[in-house]
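Survey of secondary and tertiary structure
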Amino acid sequence: MNVLIIGSGGREHAFAWKIAQSSLCDNLYIATGNAGTARVGTNVAIKPTDFERLATFCEDSDIDMVVVGNEEPLVKGIVDFFKNDNSLKNIKIIGANQQGAQLEGSKDFAKNFMNKNNIPTAKSETFTKETIEKAKQYIENLATPIVLKADGLAAGKGVVIAHSKQEALQTLNEMILDEKFGEASSKVVIEEFLDGIEVSLFVLTDGKNYVLLPEAKDYKQIGEGNTGLNTGGMGAVSPVPFVTEEFIKSAEEKIIKPTLQGLQNENIDYCGFIFIGLMVVGDTSYVLEYNVRMGDPETEVVLPRIESDFLALLDATAKKELGNHTLKISKKAATTIMLVSGGYPEAYENGKLIKGHGNLPKNIIAFHAGTKEDDSQTLTNGGRVIALTALAETAQEALAASNHAAELVHFDGKYYRKDIGKDLF
Ligand code: AMP
Ligand code: GLY
């Protein structure tokens, strides 16, 4: 099979690394990719949202399967674009269609969907400019902290946890009146704060059947001890100790099956990943969010634990034959630590020379995120630069290996969290 992966982060390098190991894979391309993906496949300089050029590339290169890594092309309708074109519709495409992608593209859609399908989630209401006075009233009646969410995609910055009513009111004004996130914050979901522990589940579905991938926990904040600004994710661990068989069973009955049934009820033909962000409060798991893609850096710990042929799994998904598929998952623990550019998640500089990533210990997989190759040198090219994954018998051993690797890779301004996974043990 000739495969095109869409995206350019650590998640896409992990996809490329895993798919390249499949005997079913002939040629592998990544649009746009990074310096890491260039080592396992061929990078293609086409933006994930340039559907016309991606289509031409697929025809010219005889692509059999497209795997969409990031959410933006899904929310913009890449799947519908391919399915509605006679010369493209036979290409297998792994990703939600535009309607399904609303689970991530609109928080209001996701909340309505959860409520309609009795999926446990935080109590909330959605407001617009027209109903802003009601929003203020709603804030007055909620206990603090209060969570405000821009309805649309906001590059991971659209959720604010306000610690006072005054901060909540100010955030409401910024989102709705000052259009802080443009159209994305013309609607705002206001919801109660849930105090618990987060974990992410990953489902791959062909629309009817599903397989559950290994769970993961990520670390979103920039500072140690979960302090400071939110990032895309600073590290991840899989498995998560409190996710027992019983926990999974309950999540399947209360969340996963109702989610898939809900999609079918809406006639949404969903063929791809669903990332379910949970908040566990006591004995109850609440859905914080759906994403219509894999997590990053969660993918960098999930895929190394999958022992089955991943391309065969994706092929079965596209053919709607997941019902016959079982996954072989390693009992080993995987951890990853993300090295980021100094200043991230605020302003940072690109183009710093990366050293030491070429000769890391054998038990480390270096998944590139924001990197690029220049004159056979590897340079930083993004806020999140490289994820150092280790697979070991225990999470403690894996963490020690990831931390050791983090010391061995150098670039100007390098920063990483040294406390990834420590809260779990
Ligand atoms: P979301 O994009 O909805 O997952 O929100 C991003 C992050 O905000 C989550 O990973 C949580 O850490 C936090 N968050 C979102 N909703 C809530 C909530 N209702 N209660 C507490 N924390 C939340
Ligand atoms: N690491 C969180 C995400 O991918 O959304």
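What this report covers is the structure whose coordinates are included nearby. Predicted model, so just to flag it, every value in this text is computed and none were measured. Per chain, residue numbering runs from 1 following the sequence as it is written. All chains are assigned letters beginning with A, and all ligands numbers beginning with 1, in the order in which they are written. Only residues with pLDDT of at least 70 get local features here, since the model is predicted, and only at 80 or more are side-chain atom pairs given and counted; chain-wide, interface and lining totals rely on the full set of residues. Side-chain numbers come from the whole structure's heavy atoms, not from hydrogens or water.

**Some words on the pattern of salt bridges**
Here, a salt bridge means any Lys or Arg side-chain nitrogen found within 4 Å of an Asp or Glu carboxyl oxygen. Within the structure shown, the criterion is met by 23 salt bridges. Across the salt bridge formed by E266 and K116, the nearest N and O atoms sit 2.7 Å from each other. Here the residue E266 occupies a position in the loop between α10 (245-265) and β15 (272-281), and K116 occupies one in helix α7 (residues 107-116), the gap between them amounting to 150 residues. A simple rule labels every residue: compare its accessible area, found with a 1.4 Å probe on the protein chains alone, to the largest value its type can have, and call it buried under 20%, exposed over 50%, or partly exposed in between. Residue class for E266 comes out partly exposed when judged on its relative accessible area of 24%. In this structure K116 comes out as exposed when scored by relative accessible area, which is 57%. Linking E253 and K257 is a salt bridge whose minimum nitrogen-to-oxygen distance equals 2.8 Å. Of this pair, E253 and K257 both sit in helix α10, 4 residues apart, which is roughly one turn of that helix. Runs of H or I in DSSP of at least four residues are treated as helices and runs of E of at least two as strands, each being numbered from the N terminus.

**A short note on the site of ligand 2**
Close to ligand 2 lie D218, G232, F275, R293, G295, D296, P297 and E298. The term polar contact refers here to a pair of N or O atoms within 3.5 Å; inside protein, the definition further demands a hydrogen-donor-capable atom paired with an acceptor-capable atom, and it admits residues adjacent in sequence only when both atoms are side-chain atoms. Taking R293, its side chain carries an N or O atom lying 2.9 Å from an oxygen atom of ligand 2. With respect to ligand 2, the side chain of E298 contributes an N or O atom lying 2.9 Å from a nitrogen atom. Accessible surface is estimated by sampling points in the Shrake-Rupley manner with a 1.4 Å probe; for residues, cover comes only from the protein chains shown. When ligand 2 is considered free in solution it has 200 Å² of accessible area, and contact with the protein chains removes 89% of it. The classification used treats Ala, Val, Leu, Ile, Met, Phe, Trp, Tyr, Cys and Pro as nonpolar, Asp, Glu, Lys and Arg as charged, and all other residues, Gly among them, as polar. Of the residues belonging to the shell around ligand 2, the class tally is 2 nonpolar, 2 polar and 4 charged. The near set for a molecule or strand comprises every residue that places at least one heavy atom within 4 Å of it.

**Here we look at the nonpolar core**
The biggest cluster of nonpolar side chains holds 118 residues, and the ones touching the most others in it are L4, I19, V66, I276 and Y290. It is α10 that provides the largest number of residues to this core, a total of 7 residues. When near neighbours in sequence (up to four residues on either side) are disregarded, I276 contacts V199, S200, L201, V203, I255, I256, V287, E289 and Y290. Here the nonpolar core consists of buried residues drawn from Ala, Val, Leu, Ile, Met, Phe, Trp, Tyr and Cys, with membership extended through side-chain atoms lying within 4.5 Å. Counting 20 residues, the second largest nonpolar core, distinct from the first, contains I139, L148, A150 and A184. Any two residues whose heavy atoms approach within 4.5 Å at even a single point are treated as in contact.

**Concerning the site of ligand 1**
Around ligand 1, 15 residues are found, and the nearest of them are E191, L194, E198, K220 and E289. With respect to ligand 1, the side chain of E191 contributes an N or O atom lying 2.7 Å from a nitrogen atom. Computed on the free molecule, ligand 1 has an accessible area of 470 Å², of which 90% lies beneath the protein chains in the complex. Elements with a minimum of two residues in the shell around ligand 1: β7 (146-150), β8 (159-162), β9 (187-192) and β16 (284-291). Residues belonging to the shell around ligand 1 are distributed by class as follows: 8 nonpolar, no polar and 7 charged.

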